[in-house]
Structures are given as structure tokens and as C-alpha cells.
Amino acid sequence: SEDDIYEAASAVAWEQWFTPQHTFKIDITAQRSPLKSLNFAALKVKDAVADRFRAKAGSRPSVDTQWPDVRIYTHLTAEHITLYIDTSGEPLFKRGWREDKGDAPLKETLAAAMIAACGWQPEQGTPLYDPCCGSGTVVIEAAQIACNIAPGSQRHFAFERLLPYQSQAWGQLRQQARASVIRPAKMLLFGSDVAHRMVDFAQRNAERAGVSDTVSLRGGDALQRMPPSEQPGMMILNPPYGERIAAAGSAGRNAAERMGQVERAGRETAQTEDGGEFFSQLASHWKKNYSGWTAWMLTPDLKLPSKMRLKESRRV
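What you see is a predicted model; the values in this text were computed from it and never measured.

1. Some thoughts on the nonpolar core
It is characteristic of soluble globular proteins that their nonpolar side chains tend to be buried jointly. By size, the foremost hydrophobic cluster in this structure holds 29 residues, and its most contacted members are W120, L128, V138, L189, V211, L217 and I236. Elements supplying a minimum of two residues to this core: helix 3 (108–118), helix 4 (137–146), helix 6 (196–208), strand 7 (215–219) and strand 8 (234–237). The greatest single-element share of this core, amounting to six residues, is contributed by helix 4. With sequence-adjacent residues up to four places away left out, V211 is seen in contact with I140, A143, Q144, C147, I149, R183 and A206. Counting 19 residues, the second-largest nonpolar core is a separate cluster that includes I26, V45, F53 and I72.

2. Details of helix 3
The α-helix winds at 3.6 residues per turn, so residues separated by three or four positions along the chain end up facing the same way. Of the positions making up helix 3, those classed as buried are E108, A111, A112, M114, I115 and C118. All buried residues of helix 3 project into a common sector of 155° when viewed along the axis, lining one side. Close packing links the buried residues of helix 3 with helix 4, strand 8 and strand 9 (294–297). After helix 3 finishes, the residue G119 shows a positive phi value of roughly 80°.

3. Describing the packing of aromatic side chains
Scanning all chains against the criterion turns up ten aromatic pairs. Taking the centre distance of 6.5 Å and the plane angle of 55° together, the rings of W14 and F18 count as tilted. Comparing W14 with F18, the two get one shared label, buried. With 5.6 Å between their ring centres and 15° between their planes, F157 and F159 make a pair best called stacked. Residue class for F159 comes out partly exposed when judged on its relative accessible area of 22%. Taken together, the ring pairs connect W14, F18, F24 and F53 into an aromatic cluster. Positioned above the aromatic ring of F157, the side-chain terminus of R155 is 4.4 Å from the ring centre.

4. Quick look at unusual backbone geometry
Phi is positive for R32, close to 55°, though the residue is something other than glycine. Relative to the helices and strands, R32 is located in the loop between strand 1 (23–30) and helix 2 (38–57). Exposure remark for R32: the relative accessible area of 69% places this residue in the exposed category. Of note, the phi angle at R309 is positive, near 55°, even though the residue is not glycine.

5. Quick look at helix 4
Within helix 4, nine of the ten residues are buried, which leaves the element mostly enclosed by the surrounding structure. Of all the residues in helix 4, the buried ones are T137, V138, V139, I140, E141, A142, A143, Q144 and A146. Where helix 4 is buried, its residues meet helix 3, strand 5 (128–130), strand 6 (189–193), helix 6, strand 7 and strand 8. Directly after helix 4, the chain includes N148, whose backbone phi takes a positive value near 60°.

About the thresholds
- Residues numbered from 1 in each chain as written.
- Predicted model: local features only at pLDDT ≥ 70, side-chain atom pairs only at ≥ 80, totals over all residues.
- Heavy atoms only, no water.
- Core = buried A, V, L, I, M, F, W, Y, C linked by side-chain atoms within 4.5 Å.
- Buried < 20%, exposed > 50% of the residue type's maximum accessible area, 1.4 Å probe, protein only.
- Helix = DSSP H or I, 4+ residues; strand = E, 2+ residues; numbered from the N terminus.
- Contact = heavy atoms within 4.5 Å.
- Arc of directions from axis to C-beta.
- Phe/Tyr/Trp six-rings, centres within 6.5 Å; stacked < 30°, edge-to-face > 60°.
- Lys NZ or Arg CZ within 6 Å of the ring centre and 35° of its normal.

If you want it as C-alpha cells, here you go:
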């Protein structure tokens, strides 16, 4: 019942985590909860926190629903309540370096997962290339992996505002992470995009991520760009799809209009409404010029290999 929720929240020693000078917010989720109103349940948690502070310290922290110092998460099931303090703050996929981005950007964590899934290992010296790099997420994540840069080392975390936070210990951990950064002996990472605006975004993001000297970023159409290295390597790309960005359109549009739409979209866009022509042309370009290379593609289209007249070796 609501009284059980109040009692459970009252029993937590919140004063060990933050002070009346902090602001806080209650977020609540539920699965098969018997309670009629989740908003009322959240109000009960808020009242319990405030009442405990008032009893212990004589004053209570204020609620801030926009930018609270402390987020308390409440999860209800049919019989249990679980209370969490958020130690991350902004979602963990936000590494702290991406300020410039186009439409439908790839989350940094998904880019890192793609790199892990395809098995690329920088110590083997295999070049990695994203011919539709957008704001550079894949190549920058790969560069940080190659340089052994700790993910999230450029951002702040919510635990830094909590009472148990030890700035000296955290500072030592950050220093150890910085000391372990390495620089690859040769250039392995390449990215290009048809929209020069996006290449500028990627360059600025790479500078913020501390890897601008490790990646080579250039403008150019994926249907025309030649391999960026003499040694065959691996391509990892999140190409354009109608689901994400409207296709550049039909043959009736002139080239200038199509390029204008590409620039506005900030990504390379497919030539046909279903994306078929772009991908068949891309496959032909690869077969002709990218002998020995391997390509990994993120796609919502399970029929893409047949559109490209290629057989996939693996699906993840």
C-alpha cells in the first residue's frame, strides 16, 4: 500500500547520501503494481525523504524536476519496492565528447558494441574505415579503444555530487586512466561522408575526444571513394535508411536539389525510396575496388544482403 511505500522510504538513511542543501527528484516505474496511482506513490517517497530530513536536520531539501542534484529511482512490483540513487547522471552512452551531431546519430555505446561484435582489434594492425561516418561516432569510439582512453573520461557523473564521494580517490583513478593512454604507431582509422558539414562535425568531435591525430576524416561519396589504405581492412558502417532519413528522392529531382537535401539531412542518403539502388551500387563499388576488405553493416533490413547480391557470413 501507499503506507508501505512511505515506511520503506523513511527507513533509508538519506542523510548519508546528500544534504538539505541538495535538490532531489523522484522517478518511478512499476511492473504489475497493485497501486492505482504511480504519481501518488512518488509523492509518498518524496514526503518520506523530506520528513526524514526535517526530523534529522531541522530542514528539508527542495524538489527540482529539471536539474536535480540527486535522482531517486523507485521501482514497484506486485509485492516489492526498490529504491535507488542514480550515480551516473546523464545516460552512460553520453561519453562527454559529442557536441556536434546530425540527424539520427548513433549512440556511442552501440558503436562500441558494433566494434566489439565484429572483432576488430587495433593491436593486429587492421585498418578500420567508415564510409558513411556522419558525426564520426564509430571511428572515434574505435580510436578511443585503440588509444586505451577510458570511456566517459571527459564527462561528469552524478556520484560526484553525493556525500560519500571522495574527490582525491576519484582524481587518482582519473590520473591512472590518463597515464595508461597509448598512441598507435601508424594510422589505422579512417572516416568519410558525402556531407562536408558532417565531416567538420566529426573533426571537432575527434578533437574533443582527444583522438584527432589518430583518425583521418575526409569528405566524399561512399559510391566513389577508393580504399583509404593499401592494406585491406574492415569497414563498419551505419548507412542511410528510409526509416531514419527521407531518401534523397526520385530521378525527377535535379542534382542540386538532391545535394541540398543531403546537406540538410547531414548524412549520405539513398538514391531510391527503398534504398535499393544505393546499396546495389555500393556493392558493385566494393566488389570492384575493395578486394580483401570485410564490411559490417548495421541494418533494420533483413533482405539487405540480397539487395546487394552478397551473402552475409554472420548476423549479430
